[in-house]
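# Observations on the model geometry
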Amino acid sequence: MRSAGKQISKSITIAMTARQSMIMAHRGLLKVRRTPEQLIDVTVQPILFTLMFAYLFGGAIAGNVHAYLPIIIPGILAQTVLTGSVAIGVNLREDMDKGVFDRFRSLPIARIAPLAGALIADAIRYVIVTVLTFSMGYIMGMRPQAGFTGVLEASLLVIFFAWCVSWMFAFFGVIAKTAAGVQGISMMVLFPLTFLSNAFVPVDTLPKALKWFANVNPVSHLVNAIRTLLQQGKTSNDFWLSLAGAIVIMAIFSVVTVKTYTRKAA
C-alpha cells in the first residue's frame, strides 16, 4: 500500500509539474505577443539571409540562383534556427536580472517549471523560422523532389535538432552574468559551427584543417541530412549522425542546466 501511495504521489507531482511548465510556456508566448520585436530574428532574418546569400553566391557557386536554392535553403534553415535558439539563454538571463527569477522562487511551483516552460515556448520560434525559410525558397522557385513529405521530415529534424541545442544556450543563460554575456558566448559557439560548414559553400575548396572541421561539424551533417530528405526523401547516414549528435548535446546540457538552475532556484 505504501509503495502504491508513493507511486500515485509521484504521478501527481509529475502531472502538476507538466501543467505548471505549460503555464510558464504560455507566459513566454504572451511576452512575445506584447513585445513582437522579439521575433525579428526568426521572421526578418530568414527572409533577408535567403535573398542576400542566394543572389550573392548563387551565380558564383551554382551558376545561377535557381540551381543554388537546393544548396542554400537547407543551410539558411540550419543557421537561422540555431541562431534563434540563442534567445532562450538571453530571456532566462533577463528574467534573472529583472527579479522575475526571485519571484518564481517564492511561488509554490516546481523549481524546474520556469525553465521547462521557456524551452517549450521557444519551440514556436523554430516552427516560424522553418515555415518562413521554406516559403521563401518556394517563392524563389525551389521545388523539392521529395515533395511535401520531404519538407515535413526535414522540418521535424531541424526543429528537434534546434530544441536539443537550445539546452546548451539555456545553460549559458543560467551561468552568464548578463544577457550581453549570453549573446557573446553563444555567438562564439555558433559562428564556427554555421560558417565553417557546408551550409553555404562546398567544403572541397577549404584548407585541409578547415575541411576536416567542416566534415565533422554537426551542422554539416544536419545540412546534408536536410538536403537528402528534400531531394531524395531518404534518411541518410548524416540524418542519423545529426540526430545522435543532437541527443548527445541534450543529454549533456539538460543535466548540467537543470542541476545549475535548481541549485540557484533553491
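Residues numbered from 1 in each chain as written. Predicted model: local features only at pLDDT ≥ 70, side-chain atom pairs only at ≥ 80, totals over all residues. Heavy atoms only, no water.

Below, the discussion takes up the overall build of the protein. Counting its regular elements, the protein contains 11 helices and 0 strands. If you list the helices and strands of the protein from N to C, you get α-α-α-α-α-α-α-α-α-α-α. Across the 266 residues that make up the protein, the buried fraction comes to 45%. Within the protein, contacts between residues at least 6 apart in sequence are counted, and of these 78% link residues at least 24 apart. With an accessible surface of roughly 13,500 Å², the protein has 69% of that area assigned to carbon and sulfur atoms. (Helix = DSSP H or I, 4+ residues; strand = E, 2+ residues; numbered from the N terminus. Buried < 20%, exposed > 50% of the residue type's maximum accessible area, 1.4 Å probe, protein only. Contact = heavy atoms within 4.5 Å. Areas by Shrake-Rupley, 256 points an atom, 1.4 Å probe, with all protein chains shown as cover.)

Before going further, it helps to spend a moment on the environment of Asp238. If you trace the backbone, Asp238 turns up in helix H11 (residues 237–265). Sequence-wise, Asp238 and Val219 are 19 residues apart; in three dimensions their C-alpha atoms are separated by 9.9 Å.

The next subject is the environment of Leu29. Looking at the element boundaries, Leu29 is found in helix H1 (residues 2–34). The spatial distance from the C-alpha of Leu29 to the C-alpha of Gly117 is 9.9 Å, given a sequence separation of 88 residues. If we ignore the near neighbours within four places in the chain, the residues touching Leu29 are Ala121 and Ile124.

The next point concerns a nonpolar patch on the surface. Among the surface-exposed residues, Ile40, Val44 and Leu48 lie close enough to one another that they form a single nonpolar patch of about 270 Å² accessible area. For Leu48, the position within the fold is in helix H2 (residues 40–62). Judged by relative accessible area, Leu48 falls into the partly exposed class, the value being 48%. (Patch = residues over 30% accessible without salt bridge, like charges linked within 9 Å, V, L, I, M, F, W, Y side chains within 5 Å. Salt bridge = Lys/Arg side-chain N within 4 Å of Asp/Glu carboxyl O.)

Look at helix H3 (residues 65–84) against helix H7 (residues 147–175): their axes get within 9 Å of each other, and the N-to-C directions meet at 35°. You can see that H3 and H7 cross each other, and the crossing is right-handed. Here Leu77, Ala78, Val81 and Leu82 of H3 lie close against H7, whose contacting residues are Val158, Phe161, Ala162, Val165 and Phe169. For the contact of H3 with H7, the per-class residue count stands at 9 nonpolar, no polar and no charged. (Axes fitted to C-alpha atoms, helices over the stretch in contact; angles between N-to-C directions. Left-handed = near helix turned anticlockwise from the far one by under 90°. Nonpolar A, V, L, I, M, F, W, Y, C, P; charged D, E, K, R; others polar.)

What follows covers helix H8 (residues 179–195). Its 17 residues place the ends of H8 24 Å apart at the C-alpha level, agreeing with the 24 Å of an ideal helix rising 1.5 Å per residue. The complete set of buried residues in H8 reads Ala179, Val182, Ser186, Met187, Leu190 and Thr194. On the buried face of H8, the contacting elements are H3, helix H4 (87–97), H7 and helix H10 (218–231). (Expected span 1.5 Å × (residues − 1).)

Let us now look at the packing of aromatic side chains. To describe a pair of aromatic rings, you give the distance between the ring centres and the angle between the ring planes. What the rule picks out here adds up to 10 aromatic pairs. Pairing Phe53 with Phe57 gives two aromatic rings, centres 5.6 Å apart and planes at 45°, and the pair type is tilted. A residue pair is termed a helical-turn pair when its members lie 3 or 4 positions apart in one helix, as Phe53 and Phe57 do in helix H2 at 4 residues. Relative to Phe200, the ring of Phe195 has its centre 5.7 Å away and its plane inclined at 35°; by these criteria the two rings are tilted. Every member of this aromatic cluster is reached through a ring pair, and the members are Phe49, Phe53, Phe57, Phe191, Phe195 and Phe200. Lying over the aromatic face of Tyr138, Arg143 brings its terminal NZ or CZ to 3.7 Å of the ring centre. (Phe/Tyr/Trp six-rings, centres within 6.5 Å; stacked < 30°, edge-to-face > 60°. Lys NZ or Arg CZ within 6 Å of the ring centre and 35° of its normal.)

Turning to the pattern of salt bridges, a few remarks are in order. Close approach of charged atoms allows side chains of opposite charge to pair. Evaluation of the coordinates by the stated rule reveals 1 salt bridge. Residues Asp122 and Arg125 are paired through a salt bridge, measuring 3.5 Å at the closest nitrogen-oxygen approach. Here Asp122 pairs with Arg125, and both are found in helix H6 (residues 113–140), just 3 residues apart, close to one helical turn. Looking at Asp122, the relative accessible area reads 4%, which means it is buried.

Let us look at the nonpolar core. Generally speaking, nonpolar side chains in soluble globular proteins are found buried as a group. Grouped together as the largest cluster of nonpolar side chains are 62 residues, with contacts concentrated most on Leu69, Ile72, Phe134 and Phe169. Secondary-structure elements contributing two or more residues to this core are H2, H3, H4, H6, H7, H8, H10 and H11. For this core, the element with the highest residue contribution is H7, accounting for 16 residues. (Core = buried A, V, L, I, M, F, W, Y, C linked by side-chain atoms within 4.5 Å.)

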